[in-house]
Amino acid sequence: MTVLHRILGRALAGAGLLACLAAPAHAAGFPDRPISIIVPYTPGGSSDVVARLLGQQLAVELKQSVVVENKPGAGATLGTSLVAKAAPDGYTVLLADNAQTTAPSLYPRLPYDAVKSFTALGMVGIAPAMLLSNQPSGLRSVKDMRDDVERNRRGYTIGVGSGSPSHLISAFFQRRSELNLMMVPYKGASQAATDVLGGQIDLIFTNPASAAQYLQSGRMNAIGMTGTERLPSLPNVATFQEQGVKGLENVKYWFAVLAPAGLPADVSDKWHAALAATLAHPEVKRRLAELGITQVAMTPEQLQGFIAEDRETWANVVKENGMQLQ
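The name given to the chain in an unreviewed UniProt entry is Tripartite tricarboxylate transporter substrate-binding protein, with the source organism recorded as Achromobacter denitrificans. Entered under Sequence similarities (unreviewed entry) in the UniProt record, the comment concerning the chain runs "Belongs to the UPF0065 (bug) family."

Below, the structure is given as structure tokens:
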């Protein structure tokens with residue numbers, strides 16, 4: 001048994017017992033106690049920021065307390081597993097991101113199915129992946145990187161969370177750009193960012209929500225980003241497509257809210273309505289835009305299909321790069 005499976009086994013034993021004891025909820029009495037949004041990462045990251053932003057307005061819409069709980073570990077699969085095994089009553093939901101669709105290919109024996117084990121409640125939005133360097137490096141574009149390689153005959157170190165979306169995006173960028181990247185594993189994005197700032201490593205991939213503080217302070221440079229259009233909030237950051245690196249146009253970070261499979265339809269409908277109202281609130285819309293997150297309207301059925309398709313996309317990337325974690 002691997003370390004991953006031992007960690008998940010201990011965590012899920014308790015969650016499974018709770019699921020067996022709990023009876024399904026129905027909308028007539030829902031919600032009559034506090035709701036938990038599980039974030040499968042440490043506090044302070046983009047998923048945590050998004051969850052807390054949503055939680056504040058969801059509490060208003062649902063007329064009930066909403067608590068954000070951070071459950072990091074095992075490449076985001078620990079917190080995800082806890083939600084998959086929780087009672088399908090609407091009181092425990094997941095703020096999901098790309099790890100939902102990258103983990104199945106990297107961890108082939110996960111105790112949940114990325115699609116079948118969950119009820120889709122709503123898409124929050126998407127954001128491009130941004131490649132950052134520290135300010136003293138002088139690297140501000142893919143051309144700068146290539147010129148530097150030509151002069152110094154070197155590759156680059158890039159910090160990644162082992163098995164995380166940033167790990168796969170880095171591998172995909174390396175393949176498309178034909179630049180040599182040495183992946184340096186980190187337990188969390190914050191430590192990787194600290195080491196970029198300190199010059200211990202050269203680069204990190206992150207999303208605009210996490211990048212903003214470093215770019216606004218001038219401590220990091222943005223080399224480029226995925227997607228086909230520049231962000232209104234970061235108009236000076238060029239896409240990789242503009243810089244001649246093709247194939248990264250559809251690579252993106254995304255955020256969505258999921259519940260355990262088997263959620264009663266009336267509870268699901270109430271959740272979907274509350275989430276839609278939350279995302280339509282002017283302050284929530286403004287903050288998401290500031291974070292570089294573009295809202296995307298999807299029905300729960302469309303979100304379920306999106307997750308299934310994204311899982312296949314990353315399965316191909318993993319296969320092409322020969323990546324797998326045990």
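Next, the rest of the story.
S.K.: Looking at this model, I keep getting lost on the pattern of salt bridges. Mind explaining?
M.R.: Where charged atoms from two side chains of opposite charge come close, those side chains can pair. This model, assessed by the stated rule, comprises 12 salt bridges. Via salt bridges that share partners, D148, R151, R154 and D202 belong to a single interconnected network.

S.K.: Which parts of the structure should I look at to understand the sheet that holds strand β8 (residues 203-206)?
M.R.: Within a beta sheet, neighbouring strands are joined by backbone hydrogen bonds and run either parallel or antiparallel to one another. Strand order in the open sheet made by the five strands is β7-β6-β8-β5-β9, with mixed pairing throughout. Edge positions in the sheet fall to β7 (181-186) and β9 (220-225), since each of these pairs with one other strand and no more. Strand after strand, the sheet turns through a mean of 35 degrees between neighbouring axes, direction not considered. Here strand β6 (residues 156-161) runs beside β7; their pairing, made up of six bridges, is parallel. Residue pairing across strands places Y156 opposite L181, the latter belonging to β7. Packed onto the sheet, helix α5 (residues 142-152) meets β5 (130-134), β6, β8 and β9 and runs at close to 130 degrees relative to β6. Contacting β5, β8 and β9, helix α8 (residues 208-216) crosses the sheet at an angle of about 25 degrees to β5.

S.K.: What is the right way to look at the packing of helix α9 (residues 265-280) against helix α10 (residues 282-290) in this model?
M.R.: When two helices pack together, their arrangement is given by the angle between their axes and by how far apart the axes lie. Where α9 meets α10, the closest approach of the two axes is 5 Å, and the angle between their N-to-C directions is 70 degrees. Taken together, the axes of α9 and α10 lie roughly perpendicular to each other. Contacts between α9 and α10 involve T278, L279 and A280 from the first element and P282, V284, K285 and L288 from the second. Grouping the constituent residues of the contact of α9 with α10 by class yields five nonpolar, one polar and one charged.

Calculation criteria
- All chains use their own residue numbering, which begins from 1 and follows the written sequence.
- Reporting in this predicted model follows two pLDDT cut-offs: at least 70 for local features of residues, and 80 or more for side-chain atom pairs to be given and counted; totals over whole chains, interfaces and linings ignore these cut-offs and use all residues.
- Note: side-chain values were computed over all heavy atoms of the structure, leaving out hydrogens and water.
- UniProt positions are given in the numbering used here, feature names are shortened, and annotations may be inferred rather than shown by experiment.
- Here, a salt bridge means any side-chain nitrogen of Lys or Arg that lies within 4 Å of a carboxyl oxygen of Asp or Glu.
- Two strands qualify as a pair provided that DSSP identifies no fewer than 2 bridges between them.
- Each helix is a run of H or I in the DSSP string that is no shorter than four residues. Each strand is a run of E no shorter than two, and both are numbered from the N terminus.
- The convention used is that axes are lines fitted to C-alpha atoms, helices contributing only their stretch in contact, and that angles between N-to-C directions extend from 0 to 180 degrees.
- What makes two residues a contact is simply this: any of their non-hydrogen atoms within 4.5 Å.
- The labels follow the angle: roughly parallel below 35 degrees, roughly antiparallel above 145, roughly perpendicular from 65 to 115, and oblique for the rest.
- Under this grouping Gly is polar, as are all residues other than the nonpolar Ala, Val, Leu, Ile, Met, Phe, Trp, Tyr, Cys and Pro and the charged Asp, Glu, Lys and Arg.

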